[in-house]
Amino acid sequence: SSKAQAQAKGPFVPAQADYQKVYDAIAQRLADETDYDDGSYGPVLVRLAWHASGTYDKETGTGGSNGATMRFAPESDHGANAGLKAARDFLEPIKAQFPWISYSDLWTLGGACAIQELSGPTIPWRPGREDRDVSACTPDGRLPDAAKDQRHVRDIFSRMGFDDREMVALIGAHALGRCHTDRSGYDGPWNFSPTVFTNEFFRLLVEEKWNQKKWNGPTQFTDKSTGTLMMLPTDMALIKDKNFKKHVERYAKDSDAFFKEFSDVFVKLLELGVPFKTDERFVFKTSDSE
Ligand code: HIF
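Peer 1: I keep staring at the overall build of the protein and nothing clicks. Help me out?
Peer 2: Tallying secondary structure elements over the protein gives 11 helices and 5 strands in all. Seen through its principal axes, the protein has C-alpha atoms that stretch 70 × 40 × 35 Å. Taken across its 290 residues, the protein has 53% of its residues classed as buried. Residue pairs at least 24 apart in sequence account for 72% of intrachain contacts in the protein once pairs closer than 6 positions are excluded. Put simply, the protein shows about 13,400 Å² of open surface, and 48% of that area lies on carbon and sulfur atoms. With 37 positive and 43 negative side-chain charges, the protein shows a separation of 4 Å between the mean positions of the two kinds.

Below, the structure written as structure tokens:
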């Protein structure tokens, strides 16, 4: 029919199955490329998705994952983004394989995929971000400074539109990955399974005794039992502040509540400021369910 012909000639409109192919390609590359850090690029992909999104400012509507402006200096050179080239480069072969996907969709899909592949909750994901040019780069200073306290955590995350409960849920993602002295100056992982998404961050925060680390680096905290784990000053702020602490205690005891509330707030983070044309979110199958 003429309708079918018009559709055939029109631009390629990807469907859920096409995005699942992108998910599968990222998951496969995660499984293949184990010679990195603790054996997975997953944590740094989560960090890329978050730093792409966490520049959002609700007052001006600027920043957020739409645009993928971290491809460009000055944003790529902002101190907070040190080390994220590893994540951007990891995704380049995926972009080459699926040139129709925008970088901004790809980076956020990469974060959602990593969380799911590292045994975390399902992260329903929505397409529709469009890449923007260097003029859309956000100013330095929008991402949090780990050396600061609860006031700063509240300032930064309320600028994005999150409440206390959502802030605590989000920060549970520090169960994943580690700090690198050549990136942030901090050193070490938050728990013993940095490539598995768990509520361990919260359990350790309440159950361990955390002492200031004696070293020449920036102020960070270390667990009394083994001296091998770490907490940032902003992580410690979650137990210094009683409104934060009640959620830390709840998530430490109730992994299901953490998974559910984390998923909701991470979905919200990845969508901040994006002018979506569709309400439909896709739930991707993980590699072990296929
Ligand atoms: Fe992180 N975060 N984050 N973070 N982050 C680091 C690493 C990771 C903050 C600081 C740091 C979130 C919030 C905050 C991840 C994910 C998320 C590092 C170490 C620092 C300093 C970087 C390095 O040296 O490589 C601060 C101050 C935050 C606000 C309190 C989010 C909630 C937890 C939003 C989030 O999702 C991940 C994953 C990593 C590990 C990266 C890696 O390469 O392993």
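Moving on from the coordinates now.
Peer 1: Can you help me understand the site of the ligand in this one?
Peer 2: Close to the ligand lie 23 residues, the nearest being Trp50, His174, Arg178, His180 and Ser184. Within the contact set of the ligand, an oxygen atom lies 3.0 Å away from a backbone nitrogen or oxygen of arginine 178. Here an oxygen atom of the ligand and a side-chain polar atom of serine 184 are 2.6 Å apart. Broken down by secondary-structure element, the contributors of at least two residues to the shell around the ligand are α3 (42–53), α7 (164–171) and β1 (178–179). Split by residue class, the shell around the ligand holds 15 nonpolar, 5 polar and 3 charged.

Peer 1: Honestly, the sheet that holds strand β5 (residues 230–231) in this entry has me stumped. Any pointers?
Peer 2: In space, the 3 strands of this open sheet follow the order β3-β4-β5, with antiparallel pairing throughout. Unpaired on one side and paired on the other, β3 (210–212) and β5 mark the two borders of the sheet. As defined by bridge partners, β3 adjoins strand β4 (residues 221–223) across 3 bridges and the pair is classed as antiparallel. Bridging from a neighbouring strand, asparagine 211 pairs with threonine 222 of β4.

Peer 1: What is the right way to read the coordination of the iron atom of the ligand from this model?
Peer 2: What the protein offers the iron atom of the ligand as a donor is a single atom, His174 (NE2), at 2.1 Å. Its place among the elements puts histidine 174 in the loop between α7 and β1.

Here is what the cut-offs are and how they apply
Residues numbered from 1 in each chain as written. Predicted model: local features only at pLDDT ≥ 70, side-chain atom pairs only at ≥ 80, totals over all residues. Heavy atoms only, no water. Helix = DSSP H or I, 4+ residues; strand = E, 2+ residues; numbered from the N terminus. Buried < 20%, exposed > 50% of the residue type's maximum accessible area, 1.4 Å probe, protein only. Contact = heavy atoms within 4.5 Å. Areas by Shrake-Rupley, 256 points an atom, 1.4 Å probe, with all protein chains shown as cover. Lys, Arg positive; Asp, Glu negative; His and termini not counted. Charge placed at Lys NZ, Arg CZ, Asp CG, Glu CD. Near = heavy atom within 4 Å. Polar contact = N/O pair within 3.5 Å; in protein donor to acceptor, adjacent residues only side chain to side chain. Nonpolar A, V, L, I, M, F, W, Y, C, P; charged D, E, K, R; others polar. Pairing = 2+ DSSP bridges. Donors = N, O, S within 2.8 Å, 3.2 Å for Na, K, Ca; no water.

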